[in-house]
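Reading the structure
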Amino acid sequence: MIILIRVNSEETINNPPLGLLYVGDALKKAGYDVKVYHVSENDILSFTEEIISLNPLWVGFSVNTGWSMRAALRLTSIIKDAGIPTVWGNAHASILPHQCLLEVAIDFVVIGEGEVTAVELSKAIAKKADYHDIKGIGFKESGGRIIITKSRELIEDLDQYEMDWTLLDPDAYVFEAPQFGMKRAFQFITSRGCPHSCGFCFNQEFNRGRWRAHSEHFVIDKVLALKEKLGLDGIRFWDDNFFTNRKRAFRILDAIGLPYTSEIRVDYFNEEFAKKLSASGCKMVLLGLESGSDRILKLINKNTTRKANWEALKLLNRYPQISIHPSVIVGFPSETEDEYKETLDMFAEMIRTHPNFWFVRLGIWVPYPGCDLYKRAVADGIKMPARIEEWDDLLFDTSKSKSLVCVDWIADKRDIEIDEEYLVMLNKMVHSRIPYGPLIHLLHWRIKNRFYGFPVEKTIFHIVGSLLKGIRKLVSRF
């Protein structure tokens, strides 16, 4: 028996551990019994006795930087104390293996893709054999010396493995997206990696800047099977870059016949692409706009421009049924406050320009290990966490994470949160049936100038919202 575990926060527990389902599939094909636990960080102690009682050959954890790392380490320690070998994999272990192996509780790390490595490691643990010749792992010798073995080659034929949904209940991950007309939607991966080299992304290191994909017939067969089994009426493509091969993507979409959402780069847009998106059932695009400053877009190696951002938006204006959720990141190394204001102004304008533009949040850049800008931040003297638990604190505790902010003008994250609050309010006013006209102009002026004193419009907005809520509640009684 081999046990694989993913610990998530309460907010992200509905995101399925797709990577573990691939590794579980590889282990099952090699003849091992596999059990997958997907648990909330608040519920880890509920499963410890059960896990230990199964006496597994080893227990593996899928861990990303900052995502419930403290809880995962706590559970790892309990399992290690029971005498069971422990293994960490996924992004953090792959990019900072030494840091992981400094923890007494972690015996092994899997570096990179885990399907082949997990099988070879299982054989070695069972036989108590030597680990030095297993590619893509880190481990500790008896004296505590950390060993990192040779890199493992990337998997070329992804069709060898699949997400094994016998390991978890797929129905537990069906979700509603009523704003897109989806009552039973599902997440799916068709490829790995991305050929682009954005400076804030870990793909350059984890996937070595390459994109590899399942064959079209594989994806179509698997999606159609899930569609029939679960009664799906929508798909969220969870690929790093689903549209890398646009022809492949549209052939898949034509065959599965499901409405969908996906991330898309702005430089993929032209008239033909936008038209095909609309015809293929696209309901929402997470649009990689990132910044309103051309210098910052160049700094982060996005290979786009502010003009390209606007051109993509104008093309999507012709298809207002496609909702736009923008990706925006601020606080990059060397970014100035004026460049930040360029971004604020661009998004305020876009909110007022597109009929289905939905701003959600301003993401403050964090130097995630594995990205090119992480190396720059280290060179600039930004002190990175030395232990696993520090990442959990610094990434998610607002009061502490100021130490990872890379620009001086962000004196307090609350300032950014206020800008974000007003952008969201502007978005809600623009899309409201209430004629907020003058207040919309005032809000835009406030955001442009970052002046939020005497917020009369904020009070009016909340009063109107409360009145409407009361009216709807009253009407629902009759």
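About the thresholds
Residues numbered from 1 in each chain as written. Predicted model: local features only at pLDDT ≥ 70, side-chain atom pairs only at ≥ 80, totals over all residues. Heavy atoms only, no water. Buried < 20%, exposed > 50% of the residue type's maximum accessible area, 1.4 Å probe, protein only. Helix = DSSP H or I, 4+ residues; strand = E, 2+ residues; numbered from the N terminus. Pairing = 2+ DSSP bridges. Right-handed = clockwise from strand over helix to strand, strands pointing away. Expected span 1.5 Å × (residues − 1). Phe/Tyr/Trp six-rings, centres within 6.5 Å; stacked < 30°, edge-to-face > 60°. Lys NZ or Arg CZ within 6 Å of the ring centre and 35° of its normal. Axes fitted to C-alpha atoms, helices over the stretch in contact; angles between N-to-C directions. Contact = heavy atoms within 4.5 Å. Core = buried A, V, L, I, M, F, W, Y, C linked by side-chain atoms within 4.5 Å.

**Examining the pairing of strand β4 (residues 86–89)**
Of the two faces of β4, both are covered, the one formed by T86 and W88 as well as the one formed by V87 and G89. With 4 bridges connecting them, strand β3 (residues 58–62) and β4 associate as parallel partners. Within β4, the residue paired with S62 across the bridge is G89. In the classification by handedness, the crossover that spans β3, the intervening helix α3 (residues 69–81) and the parallel β4 is right-handed. Both β4 and strand β5 (residues 108–110) contribute to a ladder of 2 bridges, which runs parallel. Paired with V87 across the two strands is F108, which belongs to β5.

**Remarks on α3**
Under the 1.5 Å per step criterion, the end-to-end length of α3 is 18 Å for 13 residues, consistent within 8% with the ideal 18 Å. Turning to α3, its buried residues number three or more, namely M69, A71, A72, L73, L75, T76 and I79. Looking one or two residues past α3, G83 carries a phi angle of roughly 85°, positive in sign.

**Observations regarding the packing of aromatic side chains**
Applying the stated criterion to the full structure yields 22 aromatic pairs. When the centroid spacing of 4.0 Å and the interplanar angle of 5° are considered together, the rings of F237 and F242 count as stacked. The pair F237 / F242 is uniform in exposure class, with both members buried. Here the aromatic residues F237, F242, F243, F250, Y260, F269 and F273 are joined through ring pairs into a cluster of three or more. When the ring centre of Y22 is taken as origin, the NZ or CZ atom of R192, which lies over that ring, is 4.6 Å away. The positively charged end of R246 is found above the aromatic ring belonging to Y268, 3.8 Å away from the centroid.

**Brief notes about the sheet that holds β3**
Across the sheet, 7 strands lie side by side as β2-β1-β3-β4-β5-β6-β7; this open sheet has mixed pairing. Only two strands of the sheet have a single neighbouring strand rather than two, namely β2 (34–40) and β7 (146–148). Between one strand and the next, the sheet's axes are offset by a mean angle of 20°, whatever the strand orientation. Strand contacts of helix α1 (residues 18–29): β1 (2–8), β2 and β3, with the helix running at about 180° to β1, the strand carrying the most contacts. α3 rests against β1, β3 and β4 of the sheet, and its axis sits at about 155° to β4.

**A closer look at the nonpolar core**
Inside soluble globular proteins, nonpolar side chains tend to come together where they are buried. Counting residues in hydrophobic clusters, the biggest one holds 106 residues, and the most contacted among them are F243, F269 and L277. Sequence-distant contacts of L277, defined by excluding residues within four places in its chain, comprise F243, F250, Y260, I264, F269, C282, V285 and I322. Of all hydrophobic cores here, the second largest spans 43 residues; its members include F61, L96, V109 and W391.

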